[in-house]
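What follows is the residue order along each chain.
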Amino acid sequence: MGSRRPKISDFYYLSQAHNAGQVAKVWCSCCRTTRFYRPYDLKEVFGDIPTTMVREKMRCEQCKQRYYTNVDFFIPRGEEALSIKFRRLVTIKYERRVIWQDE
Ligand SMILES: [Zn+2]
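Treat the numbers as computed from the prediction; the structure is a model and nothing was measured.

Rules and cut-offs
- Residues numbered from 1 in each chain as written.
- Predicted model: local features only at pLDDT ≥ 70, side-chain atom pairs only at ≥ 80, totals over all residues.
- Helix = DSSP H or I, 4+ residues; strand = E, 2+ residues; numbered from the N terminus.
- Buried ≥ 20, exposed ≤ 12 C-beta atoms within 10 Å, placed from the backbone.
- Contact = placed C-beta atoms within 7 Å.
- Pairing = 2+ DSSP bridges.
- Axes fitted to C-alpha atoms, helices over the stretch in contact; angles between N-to-C directions.
- Core = buried A, V, L, I, M, F, W, Y, C linked by C-beta atoms within 7 Å.

Caption draft 1: Representation of the overall build of the protein in the model. Within the protein, the regular secondary structure consists of four helices and three strands. Mapped in sequence order, the helices and strands of the protein form the string α-β-β-α-α-β-α. The buried share of the protein, taken over its 103 residues, is 12%. Considering only intrachain contacts with a sequence separation of at least 6, the fraction spanning at least 24 residues in the protein is 69%.

Caption draft 2: Highlighting the sheet that holds strand β1 (residues 23-28). Within the open sheet, the three strands sit side by side as β2-β1-β3. Their pairing is antiparallel. Each edge of the open sheet is held by one strand with a lone partner, namely β2 (34-37) and β3 (69-74). Strand-to-strand twist of the sheet, defined as the mean angle between neighbouring strand axes without regard to direction, takes the value 20°. Pairing between β1 and β2: four bridges, direction antiparallel.

Caption draft 3: Looking closely at the nonpolar core. Leu-14, Ala-17, Ala-24, Val-26, Tyr-37, Leu-42, Val-54 and Met-58 together form the largest nonpolar core, which totals eight residues. If you list the elements that add at least two residues to this core, you get α1 (14-19) and β1.

Caption draft 4: Here's a closer look at the environment of Gln-65. Counting through the fold element by element, Gln-65 comes out in the loop between α3 (54-57) and β3. Owing to 15 C-beta atoms within 10 Å, Gln-65 belongs among the partly exposed residues under this scheme. Non-local contacts of Gln-65, meaning those with residues more than four positions away in its chain, are made with Cys-28, Cys-30 and Cys-60.

Caption draft 5: Representation of the environment of Gln-16 within the structure. Position of Gln-16 relative to the elements: it lies in helix α1. By the C-beta count within 10 Å, which is 16 here, Gln-16 ends up partly exposed. In this structure the C-alpha to C-alpha distance between Gln-16 and Pro-50, which are 34 residues apart in sequence, comes to 9.2 Å.

Caption draft 6: Quick look at unusual backbone geometry. One non-glycine residue with positive phi stands out, namely Arg-32, at about 60°. Looking at Arg-32, the number of C-beta atoms within 10 Å reads 11, which means it is exposed. Located in the positive-phi region is Lys-64, a residue other than glycine, with phi close to 65°. Inspection of the secondary structure puts Lys-64 in the loop between α3 and β3.

Caption draft 7: Quick peek at the environment of Arg-35. Note on placement: Arg-35 falls in strand β2. Judged by the 17 C-beta atoms lying within 10 Å of it, Arg-35 falls in the partly exposed class. Through-space distance from the C-alpha of Arg-35 to that of Ala-24 is 8.3 Å; in sequence the pair is 11 residues apart. The contacts of Arg-35, once residues within four sequence positions are left out, are Val-26 and Arg-87.

Dropping the structure here:
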């Protein structure tokens, strides 16, 4: 028989979505805010996770709801590709937290 193909993973990672030219549309069904993100930026924040896991990581910046966000990855075409306004990652701030505990 012929050579076996490598098994294609069910998961599609953010780095692959980035390479494929996809963008992430994130919308909130609570306050109906829609935002577009680049997979590369999401990868900076969440690590190279499967795109199917982004939904549970995203929190709506507008109404702070976590359970109403929907995420869709797609390749924008034509006019849509030109009209999308991306929400870009500016910086990630790390807070220095001091935690005390009694002996
Ligand atoms: Zn919202």
